[in-house]
Amino acid sequence: MTFNELILSRQSVRRYAGTAVEPEKLNQCLEAARLAPSASNSQPWKYIVVDQEPLRTEVAKATFSDIQLINKYTLQAPVMIVIVMEKAKLITRLAMLVKKKEWPLIDIGITAEHFCLQAAELGLGTCMIGWFDEDKIKKLLQIPSDKSIGLVISLGYAVEGYPQRTKIRKTVDEMVRYNQY
Ligand SMILES: Cc1cc2nc3c(=O)[nH]c(=O)nc-3n(C[C@H](O)[C@H](O)[C@H](O)COP(=O)(O)O)c2cc1C
């Protein structure tokens, strides 16, 4: 698969088959996530793999509610990944104060995409999930109260025949400016 084919094949999967994820494939995704770049190489993330019942179902349930049902598909995903945001290095935190930026959030986006692209290459489906009940997941996974969760990812095989959607994106013209805004 070329890189272009890979980024075209990665899409948010919202219907999962019951098939379990092979531990070797999960480890490959975690390895890809580990190699992601980050500000000052702080690597401000901790991956929590949730694959045991009833915990997995409980974490899935924390991504939707009676009024927000979009993420109900997570109930089908055999693995839920929770990315906890860790403290960046002191030097990075000082630089963030000066520059008024929140680099760990950016770092988590990059590592998450590494994870999802590796999964796509292995034929696995993922969906990044930003809508979740943070307090509930922190309690379920015994995450210290001073930490925050950056992102949740559902992982598993898409159901057979799951359609490859055409990417809906801004055009390059809409996206790019040369030399001035
Ligand atoms: C930070 C972030 C949060 C997201 N949150 C959710 C979510 O809560 N539920 C969901 O189904 N998809 C979520 N998505 C997936 C996006 O909707 C999806 O990436 C986007 O529509 C593009 O579609 P594609 O991933 O299939 O290319 C999220 C994606 C990102 C990057």
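Our structure is the block above this text.
Residues numbered from 1 in each chain as written. Predicted model: local features only at pLDDT ≥ 70, side-chain atom pairs only at ≥ 80, totals over all residues. Heavy atoms only, no water.

Here we take up a nonpolar patch on the surface. Judged by side-chain polarity, Leu90, Leu94, Leu97 and Val98 come together as a nonpolar surface patch covering roughly 440 Å² of accessible area. On the basis of relative accessibility, which here comes to 64%, the residue Leu97 falls in the exposed class. (Patch = residues over 30% accessible without salt bridge, like charges linked within 9 Å, V, L, I, M, F, W, Y side chains within 5 Å. Areas by Shrake-Rupley, 256 points an atom, 1.4 Å probe, with all protein chains shown as cover. Salt bridge = Lys/Arg side-chain N within 4 Å of Asp/Glu carboxyl O. Buried < 20%, exposed > 50% of the residue type's maximum accessible area, 1.4 Å probe, protein only.)

Taking strand neighbours across the sheet as the criterion, the four strands line up as S1-S2-S4-S3 in an open arrangement whose pairing is antiparallel. At either margin of the open sheet sits one strand with a lone partner, and together these are strand S1 (45-50) and strand S3 (125-129). Here the strands of the sheet are splayed against their neighbours by 20° on average, with no regard to which way each runs. Along the sheet, helix H2 (residues 23-34) makes contact with S1, strand S2 (79-85) and strand S4 (148-156), crossing S1 at roughly 165°. Contacting S1, S2, S3 and S4, helix H5 (residues 103-121) runs over the sheet at an angle of about 10° to S4. (Pairing = 2+ DSSP bridges. Helix = DSSP H or I, 4+ residues; strand = E, 2+ residues; numbered from the N terminus. Axes fitted to C-alpha atoms, helices over the stretch in contact; angles between N-to-C directions. Contact = heavy atoms within 4.5 Å.)

What follows concerns the site of the ligand. Among the 15 residues in the neighbourhood of the ligand, the closest are listed as Ser12, Arg14, Asn71, Arg165 and Arg169. In the environment of the ligand, an oxygen atom lies 2.6 Å from a nitrogen or oxygen atom belonging to the side chain of Ser12. Within the backbone of Trp131, a nitrogen or oxygen atom sits 3.3 Å from an oxygen atom of the ligand. Coverage of the ligand by the protein chains reaches 62% of its 630 Å² of free accessible surface. In terms of residues, the shell around the ligand owes the most to one element, S3, which gives three residues. Across the shell around the ligand, the residue classes break down as six nonpolar, four polar and five charged. (Near = heavy atom within 4 Å. Polar contact = N/O pair within 3.5 Å; in protein donor to acceptor, adjacent residues only side chain to side chain. Nonpolar A, V, L, I, M, F, W, Y, C, P; charged D, E, K, R; others polar.)

Two aromatic rings are characterised by how far apart their centres lie and by the angle between their planes. In this structure the tally under the stated criterion is one aromatic pair. Ring geometry for Tyr47 against Phe115: centres 5.9 Å apart, planes inclined by 25°, an arrangement best described as stacked. Placement of Tyr47 in strand S1 and of Phe115 in helix H5 is noted, with a sequence separation of 68 residues between them. (Phe/Tyr/Trp six-rings, centres within 6.5 Å; stacked < 30°, edge-to-face > 60°.)

This part covers the pattern of salt bridges. Inspection of every chain in the model, using the stated rule, returns five salt bridges. Residues Arg34 and Glu31 are paired through a salt bridge, measuring 2.8 Å at the closest nitrogen-oxygen approach. Of this pair, Arg34 and Glu31 both sit in helix H2, three residues apart, which is roughly one turn of that helix. For Glu31, a relative accessible area of 35% gives the class partly exposed. Of the charged contacts, one joins Glu53 and Arg56 as a salt bridge, the two residues approaching to 2.5 Å between their closest N and O atoms.

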